[in-house]
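Letter by letter, the chains look like this.
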Amino acid sequence: MMPIYTTQQDGERLDLICYRWYGTLAGRMVERVLEANPGLAARDPANLPARTSIAMPPAPARATPAPRII
């Protein structure tokens, strides 16, 4: 599946973008986004220029919890 791109707005940080996009930071989402955007890691992710295009990879499938036996 191809990543979808989002555009960073002025003053946004990568962790906030990931949280809004995925609804969580669990599963190493910031690291996954940095891996999908090799040039982004060379910059300061807390200080990105406005209108930076960021590839947002699909979130990993969540594990289905095992049924509880009572």
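Above this text you will find the structure in question.
Since the model is a prediction, treat every value here as computed from it, not as a measurement.

Undergrad: Which parts of the structure should I look at to understand the overall build of the protein?
TA: Check the secondary structure of the protein and you find 3 helices and 2 strands. Its helices and strands taken in sequence order, the protein reads β-α-α-α-β from the N to the C terminus. Within the protein, the proportion of its 70 residues that are buried is 24%. Relative to all contacts within the protein whose residues are 6 or more apart in sequence, the contacts with residues 24 or more apart total 56%.

Undergrad: How should the nonpolar core be read in this particular structure?
TA: Most often, soluble globular proteins keep nonpolar side chains buried together rather than apart. Counting 10 residues, the largest nonpolar core is built from Leu14, Ile17, Cys18, Tyr22, Met29, Val33, Leu40, Leu48, Ile54 and Met56. In contact with Ile54, other than residues within four places in its own chain, are Ile4, Tyr5, Thr6, Gln8, Leu14, Ile17, Val33, Asn37, Leu40 and Leu48.

Undergrad: I'm lost on unusual backbone geometry in this one. Help?
TA: Phi is positive for Arg28, close to 55°, though the residue is something other than glycine. Here Arg51, not a glycine, exhibits a phi torsion of approximately 65°, which is positive. By the element assignment, Arg51 lies in the loop between helix H3 (38–42) and strand S2 (53–56). A residue is classified by how much of its surface remains accessible, and Arg51, at 67% relative accessible area, is exposed.

Undergrad: Even after reading the chapter, I still don't get the pattern of salt bridges, so can you show me in this structure?
TA: It is possible for side chains bearing opposite charge to pair when their charged atoms get close. Enumeration over the complete set of coordinates arrives at 3 salt bridges. As a salt-bridge pair, Arg20 and Glu12 come within 2.1 Å of each other at their nearest N and O atoms. On the accessibility criterion, Arg20 (52% relative accessible area) is exposed. Residue Glu12 is classed as buried on the basis of its relative accessible area, which comes to 11%. Residues Glu35 and Arg28 are paired through a salt bridge, measuring 3.6 Å at the closest nitrogen-oxygen approach. Among the residues examined, Glu35 registers a relative accessible area of 56% and is labelled exposed.

Undergrad: What should I look at first to understand the packing of helix H1 (residues 14–22) against helix H2 (residues 29–36) in this one?
TA: As a packed pair, H1 and H2 sit with axes 9 Å apart at the nearest point and diverge in direction by 105°. Taken together, the axes of H1 and H2 are roughly perpendicular relative to one another. In contact with Leu14, Asp15, Cys18 and Tyr22 of H1, H2 contributes Met29, Val30, Val33 and Leu34. In terms of residue class, the contact of H1 with H2 is built from 7 nonpolar, no polar and 1 charged.

So, how was this worked out
Residues numbered from 1 in each chain as written. Predicted model: local features only at pLDDT ≥ 70, side-chain atom pairs only at ≥ 80, totals over all residues. Heavy atoms only, no water. Helix = DSSP H or I, 4+ residues; strand = E, 2+ residues; numbered from the N terminus. Buried < 20%, exposed > 50% of the residue type's maximum accessible area, 1.4 Å probe, protein only. Contact = heavy atoms within 4.5 Å. Core = buried A, V, L, I, M, F, W, Y, C linked by side-chain atoms within 4.5 Å. Salt bridge = Lys/Arg side-chain N within 4 Å of Asp/Glu carboxyl O. Axes fitted to C-alpha atoms, helices over the stretch in contact; angles between N-to-C directions. Parallel < 35°, antiparallel > 145°, perpendicular 65-115°, else oblique. Nonpolar A, V, L, I, M, F, W, Y, C, P; charged D, E, K, R; others polar.

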